[in-house]
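# Descriptive structure summary
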Amino acid sequence: MTTTPLAARGPRAWWRVPQRQVPVLATLALLLVMYGIGVSQYRAFSNIQVVFNIFIDNGFLLVVAVGMTFVILTGGIDLSVGSVVAMTAMVSASLLGDGVHPALVLLIALLIGPTLGFAMGCVIHFFDIQPFIVTLAGMFFARGMCTWISSTSIPITDGFWTSAAQERIRIGENFVTVSVLVALAVVAVAAYTLAYTRLGRNVYAIGGNQQSALLMGLPVGRTKIAVYTISGLCSAIGGILLSFYTLSGAPLIAVGMELDTIAAVVIGGTLLTGGSGYVFGTVLGVLVLGVIQTLITFDGSLSSWWTKIVIGGLLFAFILLQRLVGIRKK
């Protein structure tokens, strides 16, 4: 028996990576370049607390983006997430203001999102309606409920809520908040679910080709309902974390968050058509948005609207990259 030398085994090289990982690696490279620019321009940018602050300021967005990742991986979309975040924060603030026990408030708040998500998933599946339309209706419903609860901001003064919001978990001389730990726990559970469970495999199969998934006997309906329920649960958790961050609930809070969430997921390398993407990529996408905001804050001379301009340019670039990767696969 003879063996073929490695050099003579054809054109495959050690440095080649699967094409589905190219967008994620591009996001990682972009993040490192942006961080390098920040460190080179501003001395304080190299402080590890700056990185921790990005997680602190975007913990709620990261949780919501994880839920959106599940939806987009199936080829769907959820426009209701920002409004559900706001409704959860409003309900929490209102109930706490009425003297309801914090434990009961947490339970009620955590039920709001998955209940609405389950309802939207059922409508999408059983009535075969486009997710865009159904979740748009959910967005208007949740935002309307916010105004119905109160037309003005509701401050949160409950002892448990304020202590949880102000708790600092020390890591050497630096610190993170409870929200960061919750967000990282959600990321870990989501990553495990997508990588090692039947639900995760079904999500990727449906996003790759729903018709083929049906022919294979996969539970397409149950899976689609499940991902919108998961997205609703993540939005509810995000709403609670946002109420920790602001210690209030307001009817116009989180306006446009659904767009920031979609941007983070797409920049993180998840295909809008579904079937390809990673939770780790979504984390990188959120960090990219956070670094952009931090760079603009450090500069001090640029308007906050530059954040939107840069994000828009990055979205165009990553959508084009996804298209090019798709063409190469063919």
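About the thresholds
- Every chain's residues receive numbers from 1 upward, in the order its sequence appears when written.
- Under the rules for a predicted model, residues below a pLDDT of 70 receive no local features and side-chain atom pairs below 80 are neither given nor counted, while totals for whole chains, interfaces and linings still include all residues.
- To obtain the side-chain values, all non-hydrogen atoms of the structure were used and water was disregarded.
- The residues that make up patches have over 30% relative accessible area and no salt bridge, and they are joined within 9 Å when like-charged or within 5 Å when they are Val, Leu, Ile, Met, Phe, Trp or Tyr.
- In these tables, accessible area is a Shrake-Rupley quantity obtained with a 1.4 Å probe, and a residue counts as shielded only by the protein chains included in the view.
- We define a salt bridge as a side-chain nitrogen of Lys or Arg found within 4 Å of a carboxyl oxygen belonging to Asp or Glu.
- For helices the rule is a DSSP run of H or I covering at least 4 residues; for strands it is a run of E covering at least 2, with both sets numbered from the N terminus onward.
- Axis definition: a line fitted to C-alpha atoms, over the contacting stretch in the case of helices. Angles run 0 to 180 degrees between N-to-C directions.
- Every angle not falling under 35 degrees, over 145, or within 65 to 115 is termed oblique; those three ranges are roughly parallel, roughly antiparallel and roughly perpendicular.
- A clockwise turn of the near helix away from the far one marks a right-handed crossing, whereas an anticlockwise turn of less than a right angle marks a left-handed crossing.
- It only takes one pair of heavy atoms within 4.5 Å for two residues to be counted as in contact.
- For a helix, the expected span equals 1.5 Å multiplied by the residue count minus one.
- Classification of residues uses two cut-offs on accessible area relative to the type maximum, computed with a 1.4 Å probe and protein chains only: under 20% is buried, over 50% is exposed, and between them is partly exposed.
- To be clear, the arc concerns the directions from the helix axis to the C-beta atoms.
- Nine residue types can take part in a nonpolar core, namely buried Ala, Val, Leu, Ile, Met, Phe, Trp, Tyr and Cys, and a core is a set of them joined through side-chain atoms within 4.5 Å.
- In this scheme, strands are said to pair when DSSP sees at least two bridges between them.
- For Phe, Tyr and Trp, where Trp contributes only its six-membered ring, two rings pair if their centres lie within 6.5 Å, and the inter-plane angle classes them as stacked under 30 degrees, edge-to-face over 60, or tilted in between.

Among the surface-exposed residues, Phe126, Phe127, Ile129, Phe132 and Ile133 lie close enough to one another that they form a single nonpolar patch of about 550 Å² accessible area. Considering the arrangement of structural elements, one finds Phe126 in helix 4 (residues 102-126).

Now for the packing of helix 1 (residues 22-41) against helix 12 (residues 279-299). Two elements in contact, helix 1 and helix 12, have axes separated by 9 Å at closest approach and are oriented at 25 degrees. Regarding the angle of helix 1 to helix 12, the classification is roughly parallel. For the element pair helix 1 and helix 12, the recorded crossing hand is left-handed. Residue-level contacts link Val24, Thr27, Leu28, Leu30, Leu31, Met34, Tyr35 and Gly38 of helix 1 to Phe280, Gly281, Leu284, Gly285, Leu287, Val288, Val291, Ile292 and Leu295 of helix 12.

For the rest of this paragraph, the subject is helix 7 (residues 178-196). An α-helical turn contains 3.6 residues, so any two residues separated by three or four positions project in the same direction. When the terminal C-alpha atoms of helix 7 are compared, their 27 Å separation across 19 residues agrees well with the 27 Å that a helix rising 1.5 Å per residue should span. Looking only at helix 7, the buried set comprises Ser179, Val180, Ala183, Val186, Val187, Ala190, Thr193 and Leu194. All buried residues of helix 7 lie within an arc of 155 degrees about the axis, which places them on one face of the element. For helix 7, the exposed residues lying more than 90 degrees away from the buried face are Val189 and Tyr196.

A word on the side chain of Ser80. Counting through the fold element by element, Ser80 comes out in the loop between helix 2 (48-73) and helix 3 (81-97). Of the residues examined, Ser80 reaches a relative accessible area of 1% and is grouped as buried. Residue contacts for Ser80: discarding those within four places in its chain leaves Met120, Thr135, Gly138 and Met139.

Mapped onto the secondary structure, Ile262 falls in helix 11 (residues 257-267). Taking the C-alpha atoms as reference points, Ile262 and Ser303, 41 residues apart in sequence, are found 23 Å from one another. If we skip the residues at most four places from it in the chain, Ile262 touches Met68, Ile72, Ile77, Leu79 and Leu272.

With that settled, consider the nonpolar core. Core analysis: the largest hydrophobic core is formed by 82 residues, its most contacted members being Val66 and Val288. Tallying contributions element by element places helix 2 first for this core, with 13 residues.

What follows deals with the packing of helix 7 against helix 10 (residues 220-246). Close contact between helix 7 and helix 10 brings their axes to 10 Å; oriented N to C, the two are set at 165 degrees. One finds that helix 7 runs roughly antiparallel with respect to helix 10. Helix 7 and helix 10 meet at a crossing whose hand is left-handed. On helix 10, the residues that touch Ser179, Val182 and Val186 of helix 7 are Cys234, Ile237, Leu241 and Phe244.

Our focus in this paragraph is helix 3. Relative to the 24 Å expected for 17 residues at 1.5 Å per residue, helix 3 spans 24 Å between its end C-alpha atoms, a close match to the ideal helical length. Burial analysis of helix 3 places 14 of its 17 residues in the buried class, the great majority of the element. Of the residues flanking the end of helix 3, it is Gly99, one or two places downstream, whose phi is positive at about 90 degrees.

Turning to the pairing of strand 2 (residues 168-171), a few remarks are in order. Taken together, the 4 bridges between strand 2 and strand 3 (residues 174-177) define a ladder with antiparallel strand orientation. Opposite Ile169, over in strand 3, you have Val176 as the bridge partner. Here strand 2 folds back onto strand 3, and the loop between the two strands holds 2 residues, one of which, Gly172, carries a positive phi near 70 degrees.

The next point concerns the pattern of salt bridges. Enumeration according to the criterion identifies 1 salt bridge in this entry. Between Lys308 and Asp260 there is a salt bridge, with its nearest N and O atoms 3.2 Å apart. Of this pair, Lys308 sits in helix 13 (residues 305-329) while Asp260 sits in helix 11, and the two are 48 residues apart along the sequence.

With that settled, consider the packing of aromatic side chains. Per the stated rule, a full pass over the model turns up 7 aromatic pairs. Seen from their ring centres, Tyr35 and Phe45 are 5.6 Å apart, and the 55 degrees between their planes marks the pair as tilted. Here Tyr35 is found in helix 1, whereas its partner Phe45 is found in the loop between helix 1 and helix 2, with 10 residues between them in sequence. On the basis of relative accessibility, which here comes to 27%, the residue Tyr35 falls in the partly exposed class. Plain terms: the ring middles of Phe160 and Trp161 are 6.0 Å apart, the flat faces sit at 70 degrees to each other, and that makes the pair edge-to-face.

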